[in-house]
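# Chains, contacts and geometry: an overview
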Amino acid sequence: MKKRLSINLNQKIVKEITEISSGGLIIGVFEGPFSDELKIIDQETNGTLKKLRKLGELEGKLGQSIYLPALSGVKAQRTYLVGCGKEGKKLSRQEAVKILTKMVSVAISSKASNVFISIPKLSISGEGDHWISQQISYLCENNIYTYDAKLNKKDKTTRSLKKVSIAIDSSLSSSKLKKGIRVGQTIGRGSNAAKDLANLPANVCTPSYLAKESRSAANKYLSLSCSVLGEKEMKKLKMDCLLSVGAGSAQESKLITLNYKGGKKDEQPHVIVGKGITFDTGGISLKPGATMDEMKFDMCGAASVIGTMQVIAELKAPINVIGLVASAENMPGGKATKPGDVVRTMSGLTVEILNTDAEGRLVLADALTYAKKFNPQSVVDIATLTGACIVALGHSTSGLMSNDDRLAQKLLKAGTTSTDRAWQLPIWDVYKKDLNSNFADIANIGGRAGTITAACFLSKFTEDYSWAHLDVAGTAHISGAAKGASGRPVPLLSHYLLDQS
Ligand code: BES
Ligand code: MN
Ligand code: ZN
């Protein structure tokens, strides 16, 4: 947990490349003629690189890598060459990320405690060199993460890497590149903070635990404060809809507010709202047993809000941001909400709860109504809301729905630059009738387009402001052998908010 790297930006010293690092040396190579660095290494090693090229071992193909231990004439104990494809060829962001990820994973799995990464001149469509420095430091921090807090000592991952130095062949000033390094590393740490919360088991990570962690995050920054509403206070505010979700649980539901003041006093804040179901059994509409353990991840939206607030506070962004976390545990029990129950929301609308497993939208409904009191510039909610979103977009892309196309475009752009991508789905009126109810103003489920009807439900509570919804059911955590939280969409949210300043 919380492996932190120290990352430096060094100026590129081609002539001294063979002297520069005692640990690991990672160099990007193109197909075609050797760069000056490679020429020097080739000379020092009596033509080793030329020989390798002849053997077809060093083609420079994108993403290819070779390991050259203990090269004589090179100070570094380990040298790695990572293919960057054809020199001068425009790379897509995905191709560039493939190269940088390879460099980073070579560094992380290396036994060296310090590595020097030399990145040649890459041209990436739509992005400058600043993006490269930001991405590589993000990838270093994000990819070195391991979660082994609850493992016995002998099973813990041991990593040697402590320090990464980076040289980028760029005409940008080193202060601009350094800023990219700092931003990327901070986003990586925010995304690791989100992973740490989400990977915890649900017997530890309860709504009260999220409240405690939010308070301690706020204590780290002068500009960040935290307040928490318990069930009594929420009852007073008429949040019966949110409260109906935790009715069957022994754990108290919480509504957490993180308030970041970095902008002018009277400037309207941007609000981010996270679904914080610390465990989703489905309630009386009980889920099947297989992979139910993964429903501890049903608070990933909340975790991304807490992680992003730390990024914004750490980088002292000159804006005002409110982070809301709507947290409850969805359990069956004698006091649990039943299918057919009707509850009144804080907004006054009544809801017929036809399926207690569609609980995320119920906690969000009241949190979104509560958000109005901040007179927001924009509101974005983040939720592991529907299994249907995984069917539609898989595990690489988050679902985006919005009542404001300008806001949607901003979020899509933030997703593209941060390679934490989202794709927009419509929430047209034709879908809204699916929520008709015979016994209340609206039902909490209906229709075949599950991701869209869930968003249509939320849209009934967001009519007064510019709003977008991110369904991260497929992207916030992965299953299988690498089961765990991904830290998404902290990069998207951070980029979006930083762009607002
Ligand atoms: N937390 C789930 C959605 C989910 C499913 C997230 C799988 C990640 C992986 C949500 O509360 C839920 O149960 N949604 C239901 C809605 C249905 C009852 C309309 C679903 O998707 O099945
Ligand atoms: Mn559910
Ligand atoms: Zn859920």
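Now for a look at the structure at hand.

## Considerations on the coordination of the manganese ion (ligand 2)
The coordination sphere of the manganese ion (ligand 2), as far as protein atoms go, consists of Asp280 (OD), Asp357 (O), Asp357 (OD) and Glu359 (OE), spread over 2.0 to 2.2 Å. Coordination at the manganese ion (ligand 2) is irregular, judged from the 6 donor atoms that bind it and the angles of 70 to 167° they form at the metal. Of note, the donors binding the manganese ion (ligand 2) are all from one chain and are spaced D-x76-D-x1-E. Separating the manganese ion (ligand 2) and the zinc ion (ligand 3) is a distance of 3.2 Å, and aspartate 280 donates to both of them. Residue aspartate 280 is found in strand 11 (residues 270-280), and its partner glutamate 359 is found in the loop between strand 14 (350-353) and helix 10 (360-371); the two are separated by 79 residues along the sequence. Residues aspartate 280 and glutamate 359 agree in their burial class; the two are buried.

## Observations concerning the site of ligand 1
If you check the shell around ligand 1, you find 17 residues, and the closest are Lys287, Asp298, Asp357, Glu359 and Gly387. Lysine 275 has a polar side-chain atom sitting 3.2 Å from an oxygen atom of ligand 1. Lysine 287 is positioned such that a nitrogen or oxygen atom in its side chain is 2.8 Å from an oxygen atom of ligand 1. Alone, ligand 1 offers 520 Å² of accessible surface; in the complex the protein occludes 78% of this. Taken together, the elements giving at least two residues each to the shell around ligand 1 come down to strand 11 and helix 11 (387-393). Classifying every residue of the shell around ligand 1 by side-chain character gives 5 nonpolar, 5 polar and 7 charged.

## Quick word on the sheet that holds strand 19 (residues 467-471)
Reading across from one edge, 9-10-12-11-15-19-16-17 is the order of the 8 strands in this open sheet, with mixed pairing throughout. The open sheet is flanked by strand 9 (224-229) and strand 17 (422-424), the only strands paired with a single partner. Strand-to-strand, the axes of this sheet are offset by a mean angle of 20°, without reference to chain direction. Pairing geometry for strand 11 and strand 12 (residues 320-330), over 10 bridges, is parallel. Within strand 12, the residue paired with lysine 275 across the bridge is alanine 326. Lying on the sheet, helix 9 (residues 300-314) is in contact with strand 9, strand 10 (254-261), strand 11, strand 12 and strand 15 (378-383); it crosses strand 11 at an angle near 140°.

## Some details on the sheet that holds strand 1 (residues 6-9)
Pairing is mixed across the open sheet formed by 6 strands, whose spatial order is 1-8-6-2-4-3. Both edges of this open sheet fall to strand 1 and strand 3 (65-69), since each of them pairs with a single strand only. Here the average twist between neighbouring strands, direction ignored, is 20°. Pairing of strand 2 (residues 24-31) with strand 6 (residues 114-119) involves 4 bridges; the strand directions are parallel. Residue isoleucine 26 lies in a different strand from strand 6, and its bridge partner there is isoleucine 117.

## Remarks on the coordination of the zinc ion (ligand 3)
Looking at the metal site, the zinc ion (ligand 3) is ligated by Lys275 (NZ), Asp280 (OD), Asp298 (OD) and Glu359 (OE), spaced 2.0 to 2.4 Å from it. Classification of the site at the zinc ion (ligand 3) rests on its 6 donor atoms, whose angles at the metal span 78 to 175°, yielding the label octahedral. For the zinc ion (ligand 3), the single-chain donor residues occur in sequence as K-x4-D-x17-D-x60-E.

## A few points about the pairing of strand 10
With 6 of 8 residues buried, strand 10 is to be regarded as a mostly interior element. As defined by bridge partners, strand 9 adjoins strand 10 across 6 bridges and the pair is classed as antiparallel. What sits directly across from serine 225, in strand 10, is asparagine 259. Where strand 10 and strand 12 come together, 8 bridges link them in antiparallel fashion. Along strand 12, the bridge assignment pairs tyrosine 260 with valine 321.

Criteria and cut-off values
- Each chain has its residues counted from 1, following the order in which its sequence is written.
- Each chain is given a letter, starting from A, and each ligand a number, starting from 1, according to the order in which they appear as written.
- Note on the predicted model: pLDDT of at least 70 is required for a residue's local features to be given, and 80 or more for side-chain atom pairs to be given and counted; whole-chain, interface and lining totals, by contrast, use all residues.
- Hydrogens are left out, water is left out, and the side-chain values use all remaining heavy atoms of the structure.
- Water is not part of the atom set, so a site may look incomplete; the donors themselves are N, O and S atoms within 2.8 Å of the metal, or 3.2 Å for Na, K and Ca.
- Tetrahedral means four donors with every angle between 85 and 135 degrees, whereas square planar (four donors) and octahedral (six donors) require angles over 155 degrees between opposite donors and between 65 and 115 for all others; sites fitting neither are termed irregular.
- Secondary structure elements are taken from DSSP: a helix is a run of H or I of four residues or more, a strand is a run of E of two residues or more, and numbering for both begins at the N terminus.
- Burial classes follow relative accessibility: with a 1.4 Å probe on protein chains only, a residue under 20% of its type's maximum area counts as buried, one over 50% as exposed, and anything between as partly exposed.
- Put simply, a residue is near a molecule or strand once any heavy atom of it comes within 4 Å of that molecule or strand.
- Each polar contact in these results corresponds to two N or O atoms within 3.5 Å; when the atoms are within protein, one needs to be able to donate a hydrogen and the other to accept it, and residues that are neighboring in sequence are counted only if both atoms are side-chain atoms.
- Computed by Shrake-Rupley with a 1.4 Å probe, the accessible areas treat only the displayed protein chains as cover when residues are assessed.
- By the convention adopted, Pro, Cys, Tyr, Trp, Phe, Met, Ile, Leu, Val and Ala count as nonpolar, Lys, Arg, Asp and Glu as charged, and the other residues, Gly among them, as polar.
- Two strands are counted as paired when DSSP detects at least two bridges linking them.
- Orientation is described by lines fitted to C-alpha atoms, with helices fitted over the stretch in contact, and by angles between N-to-C directions that extend from 0 to 180 degrees.
- The contact rule is simple, with two residues in contact once any of their heavy atoms fall within 4.5 Å.

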